[in-house]
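Listed below, chain by chain, are the residues.
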Amino acid sequence: MEERAAELSTPTANSKRLPRQYSARQIKHCKISVLSKVCYAIGGAPNQVAGSAAAFFLQIYLLDVAQITPFEACLVLSIGKTWGGITDPIVGFCINKSKWTVIGRLMPWARDRICLAAV
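Residues numbered from 1 in each chain as written. Predicted model: local features only at pLDDT ≥ 70, side-chain atom pairs only at ≥ 80, totals over all residues. Heavy atoms only, no water.

## Description of a nonpolar patch on the surface
- Residues Val34, Val38 and Ile42 make up a contiguous nonpolar surface patch of roughly 290 Å² in combined accessible area.
- For Val38, the position within the fold is in helix H3 (residues 34–65).
- A residue is classified by how much of its surface remains accessible, and Val38, at 41% relative accessible area, is partly exposed. (Patch = residues over 30% accessible without salt bridge, like charges linked within 9 Å, V, L, I, M, F, W, Y side chains within 5 Å. Areas by Shrake-Rupley, 256 points an atom, 1.4 Å probe, with all protein chains shown as cover. Salt bridge = Lys/Arg side-chain N within 4 Å of Asp/Glu carboxyl O. Helix = DSSP H or I, 4+ residues; strand = E, 2+ residues; numbered from the N terminus. Buried < 20%, exposed > 50% of the residue type's maximum accessible area, 1.4 Å probe, protein only.)

In structure tokens, the structure reads:
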């Protein structure tokens, strides 16, 4: 039994290695500071305000101008949010898996897809 345990704990050429253990100093060095978190929050606020304003005015437009029922307006907004919740992680995964270029990972995606958005 002990021999089998020794076999399992010894890495072989074909087995995957265990992740490297980090020291407390390295972990502390990698943590994001509170100031950085606050700056990210401040930077994300305009995006959230713009999204909320657009959703607010879209409701008014759908109800008053397009003359659709409140249920249909709610359905339109819910489907849009759900579609964004599905596609955002998929696109983020694809961008993270793409190779680095001179202009970064995201810019080739943005450059190539802007033509599709224009059509």
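## Regarding the pattern of salt bridges
- This model, assessed by the stated rule, comprises two salt bridges.
- The closest approach of N and O atoms between Asp112 and Arg111, which form a salt bridge, is 3.3 Å.
- The closest approach of N and O atoms between Asp112 and Arg113, which form a salt bridge, is 4.0 Å.
- Judged by relative accessible area, which is 39%, Asp112 ranks as partly exposed.
- Ionic contacts of the salt-bridge type, sharing partners, join the residues Arg111, Asp112 and Arg113 into one network.

## As for the environment of Ile68
- Tracing the backbone shows Ile68 in the loop between H3 and helix H4 (70–97).
- Once residues within four sequence positions are removed from consideration, Ile68 is found in contact with Leu62, Leu63 and Ala73. (Contact = heavy atoms within 4.5 Å.)

## A look at H3
- Taking 1.5 Å as the rise per residue, H3 with 32 residues should run 46 Å; its terminal C-alpha atoms sit 45 Å apart, in good agreement.
- The largest bend along H3 measures about 30° and falls at Gly44, with the proline Pro46 one to four residues further on. (Expected span 1.5 Å × (residues − 1). Bend = angle between axes of the 7 residues up to and from the residue.)

## Some points on the confidence of the model for the protein chain
- With 76% of its residues at a pLDDT of at least 70, the protein chain reaches an overall mean of 80.
- Ranking the helices and strands of the protein chain by mean pLDDT puts H4 first, with 92, and helix H1 (residues 2–9) last, with 46.
- In the predicted structure, residues 1–11 sits below a pLDDT of 50 and forms zero contacts with residues beyond four places in sequence or in another chain. (pLDDT = per-residue confidence, 0-100.)

## Notes on helix H5 (residues 106–118)
- Its 13 residues give H5 an end-to-end C-alpha distance of 18 Å, which sits within 8% of 18 Å, the value for a rise of 1.5 Å per residue.
- Along its length, H5 reaches its greatest deviation from straightness, about 25°, at Asp112.

## Observations concerning the packing of H3 against H4
- Packing of H3 against H4 brings their axes to within 10 Å, and their N-to-C directions diverge by 145°. Crossing handedness for the pair H3 and H4: right-handed. Contacts between H3 and H4 involve Ala55, Leu58, Gln59, Leu62 and Leu63 from the former and Pro70, Ala73, Val76 and Leu77 from the latter.
- When the residues that make up the contact of H3 with H4 are grouped by side-chain class, the tally is eight nonpolar, one polar and no charged. (Axes fitted to C-alpha atoms, helices over the stretch in contact; angles between N-to-C directions. Left-handed = near helix turned anticlockwise from the far one by under 90°. Nonpolar A, V, L, I, M, F, W, Y, C, P; charged D, E, K, R; others polar.)

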